[in-house]
Amino acid sequence: MVEPGQTKFQIDLRRHMREQGEDRDLTRLICEIAEASKYIVNSIRTGDLGVAGTSNLYGEQQLALDVLSDRILRKRLFHSGVVANIASEEIEEVISVDVESNRRFSVAYDPLDGSSLVDVNLAVGTIVSIFEGEDLFRSGRNQVAAMYILYGPRSTLVYSTGNGVHEFAMNALMEYTLVRENITLNSSAKIYSPGGQRNQYSPGTEAFVRDLEIRGAKLRYSGGFVPDINQVLMKGQGVFLYPHLNNAPDGKLRLLFELNPMAYLIEQAGGAASTGKESIMDLIPESMDCRAPVFIGSKEDIARAEMLVAQLG
Ligand code: AHG
Ligand code: MN
Ligand code: MN
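Within every chain, residues take consecutive numbers counted from 1 along the sequence as written. Think of it this way: whatever chain is written first is A, whatever ligand is written first is 1, and the rest follow in order. Residue-level local features of this predicted model are given only where pLDDT is at least 70; pairs of side-chain atoms are given and counted only at 80 or more, and the full residue set underlies all totals for whole chains, interfaces and linings. For side-chain calculations, the full set of non-hydrogen atoms in the structure is used, while hydrogens and water are omitted.

Caption draft 1: A look at the sheet that holds strand β14 (residues 272-274). Between any two strands, pairing holds if DSSP finds at least two bridges. Each helix is a run of H or I in the DSSP string that is no shorter than four residues. Each strand is a run of E no shorter than two, and both are numbered from the N terminus. The five strands are arranged β12-β11-β13-β15-β14 in an open sheet whose pairing can be described as mixed. This sheet does not close on itself; its edge strands, each paired only once, are β12 (218-219) and β14. One ladder, built from two bridges, connects strand β11 (residues 191-194) with β12; its direction is parallel. Paired with Ile191 across the two strands is Lys218, which belongs to β12. By definition in these notes, contact holds between two residues if any of their heavy atoms fall within 4.5 Å. Here, axes are lines fitted to C-alpha atoms. For helices the fit covers the stretch in contact, and angles between N-to-C directions go from 0 to 180 degrees. Across the sheet, helix α7 (residues 299-312) touches β13 (239-242), β14 and β15 (294-297), and the angle it forms with β15 is around 155 degrees.

Take a look at the structure:
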């Protein structure tokens, strides 16, 4: 229902979820994450770009912004009243919320993906995966929602709870208002994002990329998973790959914090997400830090990648 004179696209996030008939606790959770992103936007714009002097579970040096973004998001989740367990790319263990909560959901997130890009002023993002209940070590098929916030020239938020993929943009009042509803991938890839060193590609991956180039697909790779996936969604086509490499058979990206949520969103938009052999969302995470190779985007291109990997390795 749209007020007289108000266009459908001045609807804010909470109202959109209410009008979609979303679960109230899930709406509360997603809106809390949206609130947290406003503080992360400010910390990126003004924050200290130095290192935090600590390292994460991958042994990677944490930037002050990684730690700060993690703290902002974790605090909001802790006090949301609906979260049971939290897994963060920046924290070694799963954290159980020990304050008042109905423990409806558990959340895995990458608080600031691509954080090393901030000091060269490229776009970065927050990625969030949401499960019902306490267990985060189930296949991505069990997610009930996923979302990301993209800190680019504009701050935009994309979410899905299984009823389509919807995009919001932050306005001058730092409210997220609806921009696009029911985003879908509707054609084969005309852009591609080839992650990882090309000379480490397997013959199947090499053939896949060569075919894309022969077809005239254009290379678009920012080094940030969130802007690169966002570009595929907003263009309605494309493929991102960070494949199995000769020197890194599991690729680079993390299943819990990066691949599951993006696979959920891309599948919701009618695309596909595969390791090259099986669907990303069929993988069972054995540990917090497990990684997987990924081909994600337009369905027909992902099927072609799987066929070439099966044929050529
Ligand atoms: P993070 O900053 O959380 O470690 O993730 C960075 C990831 C992802 O954003 C991107 O797709 C990939 O790293 C880029 O890797 P390369 O620098 O090897 O291309
Ligand atoms: Mn990341
Ligand atoms: Mn990160």
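Caption draft 2: View of the site of ligand 1. Around ligand 1, the surrounding shell holds 15 residues, and the nearest of these are Asp113, Gly114, Tyr221, Tyr242 and Lys252. Identification of polar contacts relies on pairs of N or O atoms within 3.5 Å, with a donor-acceptor requirement for protein atoms, meaning one able to donate a hydrogen and the other able to accept it, and with residues adjacent in sequence counted only if both atoms are side-chain atoms. Within the contact set of ligand 1, an oxygen atom lies 3.1 Å away from a side-chain nitrogen or oxygen of Glu89. At a separation of 3.4 Å, an oxygen atom of ligand 1 approaches a polar backbone atom of Ser115. For the accessible areas, the method is Shrake-Rupley and the probe is 1.4 Å, while residue cover comes only from the protein chains on display. Relative to its unbound accessible surface of 480 Å², ligand 1 loses 79% to contact with the protein. The definitions used throughout rest on a 1 Å grid laid over the protein atoms alone, on which a cavity is an enclosed set of points accommodating a 1.4 Å probe that cannot get out and a pocket is an open set flanked by protein within 12 Å on both sides along at least five of seven lines; lining residues are those having an atom within 4 Å of a point. In this description, a molecule resides in a pocket or cavity if more than half of its atoms sit within 2 Å of the grid points defining it. Counting atoms within 2 Å of the grid points, the majority share of ligand 1 lands in the largest pocket. Residues are grouped as follows: Ala, Val, Leu, Ile, Met, Phe, Trp, Tyr, Cys and Pro are nonpolar; Asp, Glu, Lys and Arg are charged; every other residue, Gly included, is polar. Considered class by class, the residues forming the shell around ligand 1 number five nonpolar, four polar and six charged. Start and end positions for the domains come from either an automated domain assignment or a database one. Split by domain, the residues of the shell around ligand 1 number at least three in each of domain 1 (8-180) and domain 2 (191-312). Residue proximity to a molecule or strand is established when one non-hydrogen atom of the residue lies within 4 Å of it.

Caption draft 3: Representation of the packing of aromatic side chains within the structure. Between the rings of Phe, Tyr and Trp (Trp by its six-membered ring), a pair exists once the centres lie within 6.5 Å; its type follows the angle of the planes, with under 30 degrees stacked, over 60 edge-to-face, and the other angles tilted. The final tally for this structure, using the stated rule, is four aromatic pairs. Each ring, one from Tyr221 and one from Phe240, has its centre 6.2 Å from the other, and the planes form 25 degrees; the classification is stacked. With Tyr221 in the loop between β12 and α5 (225-235) and Phe240 in strand β13, this residue pair connects regions lying 19 residues apart in the sequence. What makes Phe240 buried here is its relative accessible area of 2%. Ring-pair connections join several aromatic residues into one group, and the members of that group are Tyr221, Phe225 and Phe240. Only protein chains enter the accessibility calculation, which uses a 1.4 Å probe; a residue is then buried when its area is under 20% of its type maximum, exposed when over 50%, and partly exposed in between.

Caption draft 4: Structural view of the sheet that holds strand β5 (residues 105-113). If you walk across this open sheet you meet the eight strands as β4-β3-β5-β6-β7-β8-β9-β10, and the pairing is mixed. Because the sheet does not close on itself, it has two edges, and the strands there are β4 (95-96) and β10 (176-180). Pairing between strand β3 (residues 83-88) and β4: two bridges, direction antiparallel. Its bridge partner being in β4, Asn85 is matched across the sheet by Ser96.

Caption draft 5: Just the coordination of the manganese ion (ligand 2), in detail. Surrounding the manganese ion (ligand 2) are the protein donor atoms Asp110 (OD), Asp113 (OD) and Glu258 (OE), at 1.8 to 2.0 Å. Of note, the donors binding the manganese ion (ligand 2) are all from one chain and are spaced D-x2-D-x144-E. Here the manganese ion (ligand 3) and the manganese ion (ligand 2) are spaced 3.5 Å from one another, each receiving a donor from Asp110. Each metal's donors are the N, O and S atoms within 2.8 Å of it, or within 3.2 Å when it is Na, K or Ca, and because water is not part of the set, sites may look incomplete.

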